[in-house]
Structures are given as C-alpha cells and as structure tokens.
Amino acid sequence: MIMGRSRNIVSALFVTLFLGVAGIADADTQNVSVTATVPTVTPPGPNLPIVQLSGIAAPGATVTVARDGTLVATLTAGAGADYSVILGSEPVGQHEYLMSASDGNGGLLGSQTLALNLQSGSTTIVSGIFLGPSIRVNKSSVQLGDPITLSGQTAPGSDVTITVTSTQTQDFTVSATSDGTWTRVVNTQSVGTGQHSAKARAITSDNTISAFSPSVGFMVNPFDPATGKFPSAITPD
C-alpha cells in the first residue's frame, strides 16, 4: 500500500518537473538561424582530351576552328599575326579540324586541315599552323599590256611569292609590310593573254612556310585597236 503511494508521488513529481521545464521554454523562446555550406561534388566522369592549336595568320585576323564541320572556337590574331587556342573538352576518336581565317577587309586566308586521333586523357599540341595569305585582284579583265594588281595580308615582314598560272606558270615576289599587307603589280604582257589564276604563299624569317592562299582569277584580253594601246611599247617585268 505504501509502495503504491510512493509510485504516485514520484509520477506526480516527474509530470510537474516536465511541465515546468516546458513552461520555461515557452516563456523564453529564441530563434536560431543555422547556415551550412555544402560543397558541390562533381561525379567522376571521362577524362576528355585537350587540344592546343597555335600558329600564324595575319594581324587582327579572325581565326575560326571547326571540328568535323562544327564551329568550336573563334579568336582574333595578335598584332604580330600569332594566335593560340585551347580546346579543353574534345571527344575521343578520329576528328578533322579545319583552321580558317579572314583579314580585316574580309579577305579569306588559306586554310589548313588537321586530322587528329584523340585518346582519353591525352593532350595534343599542334603549333606552327601558318595559314596562307589573303589575296585579291583589282580587276577581273584587262587588255594585254595593262597592269594587274594583286594584294593581300599575311605575317608582317614575311616574303610572299605569287604564282600566276595559265598556259605557263610564273612567280612574282614581294615583302609584306609591318602590318602584314602586301601589294604586287604585274605587267600582263609578261603573262600573256587568256584566263589566269593566281595564288600566294608566305615564308617568315625563320623559314616557316604558309599554306597557299585561295586562288583568284583574271582575264588578259588580246590587243584591241579600239583602245589605242600598243603592248609592244610596254617593258615586261
């Protein structure tokens, strides 16, 4: 009987203490703000290949890189005509990279194509990719004996060789200026009549040779008495 009453007293004390603590908590409630920084964890994935491409174009030229026909990079060549690009997440396998560029006047430089077999985790470095000069012609048709002007842009100070082809092939040379521009006036009597094509390539002082430029065409027409010109009076180059 006494033991039963003791249990009731203890229970009553426990309930009183519990309610008392709860009452204290209700009377003095505080809001606590907790900030946690959870780092972002990137799940492990394939170690994709890296490709680094560098070379020479023309000062300020816009250089583009296409992989398998898809544009993957666009960059601008420096004042010295140099360019460099790093492609950090290339797909594994055999791929074709087309390097092309245009000068400040929109003239196309000679492109270069690279075939690369990329392995997982590999770094492929290709340097010395010298894109061909840009080239333009001032007239599409002239009379025999009239001058034709070929011009373009390439690496500053490089030596440019212009190859004119029809029934025969002739080379004409000129040096690029400090801004990479070059101009060569050709006496058409030296190349003769007919349809001609011209292309150019450059070589730097350290003997780095460029790709060929795109080709341009021009027609040299036979002497027409109506013009009043006598090509025999013109001194060939």
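If you're wondering where the values come from, they're calculated on a predicted model, not measured in any experiment.

Quick word on the sheet that holds strand β10 (residues 147-153)
Part 1 of the argument: On the basis of which strands lie adjacent, the open sheet formed by 3 strands has the order β8-β10-β13 and antiparallel pairing. Only two strands of the sheet have a single neighbouring strand rather than two, namely β8 (136-137) and β13 (181-187).

Observations regarding the confidence of the model for the protein
Part 1 of the argument: In this model, the protein carries a mean pLDDT of 83, and residues with pLDDT of at least 70 account for 75%.
Part 2 of the argument: Note that residues 1-36 has pLDDT below 50 and, in this model, 0 contacts with residues that lie over four places away or in other chains.
Part 3 of the argument: Confidence drops under a pLDDT of 50 for residues 231-237, and excluding neighbours within four residues, the segment shows 17 contacts in the predicted structure.

Let's talk about the pairing of strand β2 (residues 62-67)
Part 1 of the argument: Where β2 meets strand β3 (residues 70-76), 6 bridges bridge the pair, whose relative direction is antiparallel. Its bridge partner being in β3, Val 65 is matched across the sheet by Ala 73.

Some details on the environment of Gln 195
Part 1 of the argument: As for its placement among the helices and strands, Gln 195 is situated in strand β14 (residues 194-203).
Part 2 of the argument: Taking relative accessible area as the criterion, Gln 195 reaches 48% and is therefore assigned partly exposed.
Part 3 of the argument: Setting aside its immediate chain neighbours within four residues, Gln 195 contacts Thr 165, Ser 166, Gly 217, Phe 218 and Met 219.
Part 4 of the argument: Only 3.4 Å separates the side chain of Gln 195 from the backbone oxygen of Phe 218, close enough to count as a polar contact.

Focus: the sheet that holds strand β9 (residues 141-143)
Part 1 of the argument: Strands sit in the order β9-β15-β14-β11-β12 across an open sheet of 5 strands; the sheet is mixed. Single-partner strands in this sheet number two, and they are β9 and β12 (169-175). On average, each strand axis in the sheet is tilted by 30° relative to the strand beside it, whichever way the strands run.
Part 2 of the argument: Across 5 bridges, the pairing between β14 and strand β15 (residues 216-221) is antiparallel. In the sheet register, Ala 198 faces β15, and the bridge partner there is Val 216.

What counts, and where the lines are drawn
- Residues numbered from 1 in each chain as written.
- Predicted model: local features only at pLDDT ≥ 70, side-chain atom pairs only at ≥ 80, totals over all residues.
- Heavy atoms only, no water.
- Pairing = 2+ DSSP bridges.
- Helix = DSSP H or I, 4+ residues; strand = E, 2+ residues; numbered from the N terminus.
- pLDDT = per-residue confidence, 0-100.
- Contact = heavy atoms within 4.5 Å.
- Buried < 20%, exposed > 50% of the residue type's maximum accessible area, 1.4 Å probe, protein only.
- Polar contact = N/O pair within 3.5 Å; in protein donor to acceptor, adjacent residues only side chain to side chain.
- Axes fitted to C-alpha atoms, helices over the stretch in contact; angles between N-to-C directions.

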